[in-house]
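Coordinate inspection notes
Here's the letter readout for the chains.
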Amino acid sequence: MELNDIENFPGQIEQVAGGTVSVGALDSVVKWARSNSLWPLTFGTSCCAIELMSTASAKYDYSRFGFEVVRASPRQADVIIIAGTIVNKMAPILKRLYDQMTDPKYVIAMGACAISGGPFFYNTYSVVKGADHIIPVDVYIPGCPPRPEALMHALITLQDKIKQGLTREQIKAVNYEYPNTYK
Amino acid sequence: MAYTLTNRKQFVERKPMSWVEKLYLVNILKGMFITFKHLFKRKPTIQYPEKTRTFSPVFRGLHVLNRDEDGRENCTACGLCAVACPAEAITMEAAERVKGEEYLYREEKFAAKYEINMLRCIFCGLCEEACPKDAIYLSETVTPANYNRKTFIYKKDDLLIPHPVHDAENYQKALGQRSHSLKTKVHS
């Protein structure tokens, strides 16, 4: 489905006088507020968590972007940063944590293990080959482990995604790519 | 007196606090002064998107396929990097250079297709170590994040260094600190 494909929209759309102006303005405020207060869930399963802690500390300080409070409970968290290897035993727990998070919820897969199994890609019986076999992932970060700069770039990428207000299906449909600022 | 293992036990005498002490005013002010003092100290935070920290010279980032000084590609598609790769992230297809392509490729064989799967890559630098032609090296930029999996299959266009003659400025930028290390390598 295209982005503005109103004909094929599953449901009824009723035009209200001035509706697009007021709702659109409110929508952008909601998106702005949402993107600037993303509370991550503490979920560090291996060495990527060390870089995650480094990003949280004073040198990088991701609370400047509103990632201030790392929550220990999935009920209070908005974004789950999968920092580390997901083994088969951890997979149902990750699924449960994701289910317990309240909508809107976002997922960042950090590091080679979380995005593809990485160094354990072949001949490993215990590792899940990428966290997106279990839960849908919004932003991928390559690296083993990624530098704090890479994680910050991913967080900004996620904020941009929330500000655009696209769903995961829409991004897939329009084949959207984040503009590469590094090249 | 109760039995003790050592004779170092001391009894602490704790005097009851006076009325002024119970207000905690002095102690609060002392604590606030420490907080206030930090306003004038050097700020440790690096304002990331505007400023970046200087990376260590041994940092291994995004891969770059190298060219020689005339702008010809170094890679001969021998496949040693793909064999060395512990994550099996590199694939390539070799092709033979035809007449008239000498300005494009340094040797008779070249990589017609060269892909690195950044999802699998662990940035260990073994490909750089394995390469006999100095055709691949790991640069100083981090691999950027993205939304889709397929954007992480880096093709040859994404990996090749800018042309040193036609695009000299970007070439020097892509080389970075490495241009210095290359010079020392030649002299030693």
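Above this text is the structure in question.
Model, not experiment: these values are computed from the prediction.

**A look at the overall build of chain A**
Within chain A, the secondary structure is distributed over six helices and four strands. Put simply, 77% of the contacts in chain A that link residues at least 6 apart link residues at least 24 apart. For chain A, the exposed surface amounts to about 9400 Å²; the carbon and sulfur share of it is 56%.

**Looking at unusual backbone geometry**
Cis rather than trans, the peptide bond between Asp103 of chain A and Pro104 of chain A has omega equal to -5°. When you line up the elements, Pro104 of chain A lands in the loop between α3 (91-100) and β3 (106-110). With an omega dihedral of -15°, the bond running from Cys144 of chain A to Pro145 of chain A counts as a cis peptide bond. Positionally, Pro145 of chain A belongs in the loop between β4 (139-141) and α5 (148-164). Residues other than glycine seldom take positive phi values, yet Tyr24 of chain B does so here, at roughly 60°. Of note, Tyr24 of chain B is situated in the loop between α1 (19-23) and α2 (25-37). With relative accessibility at 41%, the residue Tyr24 of chain B sits in the partly exposed group. One non-glycine residue with positive phi stands out, namely Phe123 of chain B, at about 55°. With respect to the helices, strands and loops of the structure, Phe123 of chain B is situated in the loop between β3 (109-117) and α4 (126-130).

**Considerations on the environment of Ser139 of chain B**
Residue and element names in this part refer to chain B. As for its placement among the helices and strands, Ser139 is situated in the loop between β4 (136-138) and β5 (153-154). The spatial distance from the C-alpha of Ser139 to the C-alpha of Arg149 is 22 Å, given a sequence separation of ten residues. With near-sequence residues (within four places) excluded, Ser139 lies in contact with Phe59, Arg60, Gly61, Leu62 and Val64. A polar contact is formed between the side chain of Ser139 and the backbone oxygen of Leu62, at a distance of 2.7 Å. A distance of 3.2 Å separates a polar atom in the side chain of Ser139 from a polar atom in the side chain of Thr141.

**Some remarks on the sheet that holds β4 of chain A**
Residue and element names in this part refer to chain A. Spatially, four strands are ordered β1-β2-β3-β4 in an open sheet, and the strand pairing comes out parallel. If you trace the sheet from one side to the other, it starts and ends with β1 (40-41) and β4, each paired once. Of the strand pairs in this sheet, β3 and β4 are connected by three bridges, and their pairing is parallel. Its bridge partner being in β4, Met110 is matched across the sheet by Ile141. With respect to the sheet, helix α2 (residues 48-56) is in contact with β2 (79-83) and β3, its orientation differing from that of β2 by roughly 130°.

**Topic: the interface of chain A and chain B**
At the junction of the two partners, chain A supplies 40 residues and chain B supplies 32 residues. The junction of chain A with chain B conceals about 3400 Å² of combined surface from both sides, 60% of it contributed by carbon and sulfur atoms. At the surface where chain A touches chain B, the tally comes to one salt bridge. Arg149 of chain B is paired through a salt bridge with Asp132 of chain A; the nearest N and O atoms lie 2.6 Å apart. Put simply, chain A and chain B have 13 residue pairs in polar contact (both at pLDDT 80 or more) between them. The element contributing the most residues to the side of chain A that touches chain B is α5 of chain A, with ten residues. Among the residues forming the side of chain A that touches chain B, the class breakdown is 21 nonpolar, eight polar and eleven charged.

The rules behind the values
- Residues numbered from 1 in each chain as written.
- Chains lettered and ligands numbered in written order.
- Predicted model: local features only at pLDDT ≥ 70, side-chain atom pairs only at ≥ 80, totals over all residues.
- Heavy atoms only, no water.
- Helix = DSSP H or I, 4+ residues; strand = E, 2+ residues; numbered from the N terminus.
- Contact = heavy atoms within 4.5 Å.
- Areas by Shrake-Rupley, 256 points an atom, 1.4 Å probe, with all protein chains shown as cover.
- Buried < 20%, exposed > 50% of the residue type's maximum accessible area, 1.4 Å probe, protein only.
- Polar contact = N/O pair within 3.5 Å; in protein donor to acceptor, adjacent residues only side chain to side chain.
- Pairing = 2+ DSSP bridges.
- Axes fitted to C-alpha atoms, helices over the stretch in contact; angles between N-to-C directions.
- Buried area = accessible area lost by both parts, 1.4 Å probe.
- Salt bridge = Lys/Arg side-chain N within 4 Å of Asp/Glu carboxyl O.
- Nonpolar A, V, L, I, M, F, W, Y, C, P; charged D, E, K, R; others polar.

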